[in-house]
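# Fold and geometry: a report
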Amino acid sequence: MTFVPHTRAQVDEMLETVGVESVEALFEAVPAAVRFPALDLPPALSELELRNELNALSKANENLDDTPSFLGAGSYNHFVPSLVDAIISRSEFYTAYTPYQPEISQGTLQAMFEYQSMIAALTGMEVSNASMYDGATSLAEAVLMAWRMAKGKRSQVVLAGAIHPEYVEVVRTYIQGMPLELVSAEMDALTVDTHTAAVVVQYPDFRGEIQDIATLAEAAHAAGASLIVVAYPIALGMLKSPGELGADIVVGEGQPLGNALAYGGPYLGFFACRKKDVRRMAGRVVGQTTDVHDERGFVLTLSTREQHIRREKATSNICSNEGLNALAAAVYLSAMGECGLRQVAQLCYHKAHYAAQEVAKIPGLSVVNERPFFNEFVVHSTRPAAEMLEAVRARSGILAGCDMARWGMDAHELLVCVTEMNTREQIDRLVDVLGEVLA
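Reference entry: report on the structure contained in this document. Just so we're clear, the structure is a prediction, and the values are computed from it rather than from any experiment. (Residues numbered from 1 in each chain as written. Predicted model: local features only at pLDDT ≥ 70, side-chain atom pairs only at ≥ 80, totals over all residues. Heavy atoms only, no water.)

## Remarks on the sheet that holds strand β12 (residues 402–403)
For the record, the criterion: Pairs of strands are assigned from DSSP output, requiring at least two bridges between the strands. Put simply, DSSP marks the helices as runs of H or I at least four residues long and the strands as runs of E at least two long, and each gets a number from the N terminus on.
With respect to topology, 4 strands assemble into an open sheet ordered β10-β11-β13-β12, the strand pairing being antiparallel. Each edge of the sheet is formed by a strand with only one pairing partner; in this case those strands are β10 (365–367) and β12.

Quick look at the structure:
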């Protein structure tokens, strides 16, 4: 049985409006031979049968409820309170469009205002925008913003230490055709001069290490350059905020804040800066105000995008603010609170250090991090990392880490990530299997 929502009278009215006699006439441009092809479909299923079949198909996918994972490198498996999905699934948020009309978008605007406020507090900055595509594009926009802050008179951006290679590639794509050069340098070989528009550092960096941001900020500012910090938001639950350490712009990936791994997206980028630089910032800024009745209200205070002003004056052509993902981050931060976020960060830190301590005892493996690290660390193996990872997976089903050769690095190194979701039993099992594989 086919359900058609339109009445015969409605269909006739539509046909009369478009000037055709029948529904079939609408499709006369389609060749008759392909207009109604014979479909080799299986027999119809009941809802129960269909659900069972779809469940069986879904079990072909691996999931982190059944698979112990030590993967990281930009996407992290963190606990998401059930409150997050309950809120973001409400129809007024789930189906909301971009808030161009404040009189009918107060809920969405307030949610974005609260999100901005929490990101500003988390990063130690004065202003945050209403989110961006992801961490990589946030960094690219930050580089462009720093160049604008230097009034286009500086031609160099220094990448200090280990920045996520995929973030660097996105930045290279963004600055094509611009008079900007990317220069990579280790922390102890850094050169910042009058040609430097910005220094970029990741905190913690791609290898999980915690860099000395305060000293870097002093060096950047002494040369008249800006400091851009790519921050891991969970780590800010226990580390000093980038703003407190002298950052001018703080960006990062907001996926760890209440957003699932979701096969790689959609995610969201967070972006925060000093108030004095807000007009050079990309994206939207939601502000709080009062109406003619002195009631609190929310509006788009700044929306410096090409859809609203002349293209040549726009700071960005970003066409989405990832609002639902930003809302998830706001709900997560509200639910966890300052104490909860600190506890998550401490669990990640201590579990990772326990794992590193045990892995380092295995003959043939060594932890190569020289600086303090947060919840990721690099392990060097006497066997190629790809070979070892596949052996561990075949033996135990454990995803033991990321092969650094994927990013053109040492093929004998792997990046191991531990979060609050990894139990001590999982860590001990990983250590046992690594020992067996290398024996």
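Following the structure, the description resumes.
## Some words on the sheet that holds strand β7 (residues 269–273)
Strand pairing in a sheet takes place through backbone hydrogen bonds and is either antiparallel or parallel in direction. Here is the rule: The contact criterion used is simple: two residues touch if any of their non-hydrogen atoms lie within 4.5 Å. Axis definition: a line fit to C-alpha positions, over the contact stretch in the case of helices; interaxial angles, taken between N-to-C directions, run 0 to 180 degrees.
Spatial strand order, β1-β7-β6-β5-β4-β2-β3: 7 strands in an open sheet with mixed pairing. Strand pairing shows two members of the sheet lacking a second neighbour, β1 (127–128) and β3 (181–185), which therefore form its edges. Of the pairings in the sheet, the one linking strand β2 (residues 156–160) to β3 comprises 5 bridges and is parallel in character. Note on β3: the bridge partner recorded for Val-158 is Val-183. Packed onto the sheet, helix α6 (residues 106–123) meets β1, β6 (249–253) and β7 and runs at close to 70 degrees relative to β7. Where helix α8 (residues 165–174) meets the sheet, its contacts fall on β2, β3, β5 (226–231) and β6, and the angle it forms with β3 comes to roughly 160 degrees.

## Points about empty space enclosed by the protein
As a reminder of what qualifies: Residues are called lining when one of their atoms sits within 4 Å of a cavity or pocket point, these points coming from a 1 Å grid over the protein atoms alone, where a cavity is a set in which a 1.4 Å probe fits but cannot get out and a pocket is an open set with protein on both sides within 12 Å along at least five of seven lines. Grid points are joined across faces, edges and corners, and a volume is the space filled by probe spheres set on the points. Side-chain classes follow a simple rule in which Ala, Val, Leu, Ile, Met, Phe, Trp, Tyr, Cys and Pro form the nonpolar group, Asp, Glu, Lys and Arg form the charged group, and the remainder, Gly included, forms the polar group.
Under the criterion given, the structure shown has 3 cavities of 30 Å³ or more. Taken as a whole, the largest cavity encloses approximately 190 Å³ of empty space. Together, 21 residues line the largest cavity, and Gly-74, Tyr-76, Gln-202, Pro-204 and Tyr-232 are the ones closest to its centre. Going through the elements one at a time, β4 (196–203), β5 and β6 are the ones with two or more residues in the lining of the largest cavity. Among the residues making up the lining of the largest cavity, the classes are represented as 12 nonpolar, 6 polar and 3 charged.

## Remarks on the layout of surface pockets
Considering only enclosed or pocket space, the second largest pocket measures out at about 390 Å³ in volume. Among the secondary structure elements, those contributing two or more residues to the lining of the second largest pocket are α8 and β3. Per-element accounting of the lining of the second largest pocket gives the leading share, 4 residues, to α8. Among the residues making up the lining of the second largest pocket, the classes are represented as 8 nonpolar, 3 polar and 9 charged.

## Some words on the pairing of strand β9 (residues 296–303)
Judged from the 7 bridges that link them, strand β8 (residues 284–290) and β9 form a sheet pairing that is antiparallel. Looking across to β9, one finds that Thr-290 is bridged to Arg-296. In this structure, the hairpin formed by β8 and β9 is closed by a connection of 5 residues, where Asp-294 is found at a positive phi of approximately 65 degrees.

## A closer look at the nonpolar core
Inclusion rule: In this text, buried Ala, Val, Leu, Ile, Met, Phe, Trp, Tyr and Cys residues form a nonpolar core when linked through side-chain atoms within 4.5 Å. Exposed residues in this analysis have more than 50% of their type's maximum accessible area, buried residues have under 20%, and partly exposed residues fall in between, with area computed by a 1.4 Å probe over protein chains only.
Formed by 56 residues in total, the largest nonpolar core has its most connected members in Tyr-115, Tyr-203, Leu-227, Val-229, Ile-234, Tyr-332 and Phe-374. Looking at this core, the elements with two or more residues in it are α4 (82–88), α6, β2, β4, α9 (213–222), β5, β7 and α10 (323–359). With 13 residues, the top contributor of residues to this core is α10. In this structure, Ala-140, Val-168, Phe-271 and Val-285 belong to the second largest nonpolar core, which totals 34 residues.

## Brief notes about α9
To keep it simple, the criterion reads: Summarising the geometry, the arc corresponds to the directions from the helix axis toward the C-beta atoms. Whenever two N or O atoms come within 3.5 Å, that pair is a polar contact, provided that in protein one can donate a hydrogen and the other can accept it, and provided that, for residues adjacent in sequence, both atoms are side-chain atoms.
Looking only at α9, the buried set comprises Ile-213, Leu-216, Ala-217 and Ala-220. Across the axial projection of α9, the buried residues extend over an arc of 105 degrees, all falling on one side. Opposite its buried face, α9 presents the exposed residues Glu-218 and Ala-222, each directed more than 90 degrees away. In the core, the buried residues of α9 are packed alongside β2, β4 and β5. Two to three positions downstream of the cap, the backbone nitrogen of Ala-214 sits 3.5 Å from a side-chain oxygen, assigning the N-cap of α9 to Asp-212. Directly after α9, the chain includes Gly-224, whose backbone phi takes a positive value near 80 degrees.

## Thoughts on the pattern of salt bridges
For clarity, the cut-off: Only one rule defines a salt bridge in this text: a Lys or Arg side-chain nitrogen within 4 Å of an Asp or Glu carboxyl oxygen.
All told, the structure shown has 15 salt bridges when counted by the stated rule. When the shortest N-O distance is used, the salt bridge between Arg-393 and Glu-62 registers 2.0 Å. Of this pair, Arg-393 sits in helix α11 (residues 385–396) while Glu-62 sits in the loop between α3 (47–58) and α4, and the two are 331 residues apart along the sequence. When its relative accessible area of 35% is taken as the criterion, Arg-393 is described as partly exposed. Linking Arg-395 and Glu-436 is a salt bridge whose minimum nitrogen-to-oxygen distance equals 3.3 Å. Of this pair, Arg-395 sits in helix α11 while Glu-436 sits in helix α12 (residues 424–438), placing them 41 residues apart in sequence. On the accessibility criterion, Glu-436 (36% relative accessible area) is partly exposed.

## Topic: the pairing of strand β11 (residues 376–381)
When you tally the buried positions in β11, you get 5 out of 6 residues, the bulk of the element. Here β10 pairs with β11 via 3 bridges, running antiparallel. Across the sheet, Leu-365 pairs through a bridge with Ser-381, a residue of β11. Here β11 pairs with strand β13 (residues 413–417) via 5 bridges, running antiparallel. Each bridged residue has a counterpart across the sheet, and for His-380 the counterpart in β13 is Glu-413.

## With respect to the side chain of His-78
Locating His-78 in the fold gives a position in the loop between α3 and α4. A distance of 2.7 Å separates a polar atom in the side chain of His-78 from a polar atom in the side chain of Glu-420. Apart from residues lying up to four places away in sequence, His-78 is in contact with Tyr-232, Ile-234, Pro-256, Val-344, Cys-348, Thr-419, Glu-420 and Met-421.

## Structural notes on the side chain of Asp-205
Heads up, the rule is: By the counting rule applied here, Lys and Arg register as positive and Asp and Glu as negative, while His and the ends of each chain are not counted.
Tracing the backbone shows Asp-205 in the loop between β4 and α9. Despite its burial, Asp-205 pairs with no opposite charge; the closest candidate is Arg-371, at 5.5 Å N-O. Apart from residues no more than four positions distant in its own chain, Asp-205 is found in contact with Ala-162 and Gln-211.

The values reported here are purely geometric and, on their own, carry no functional implication.
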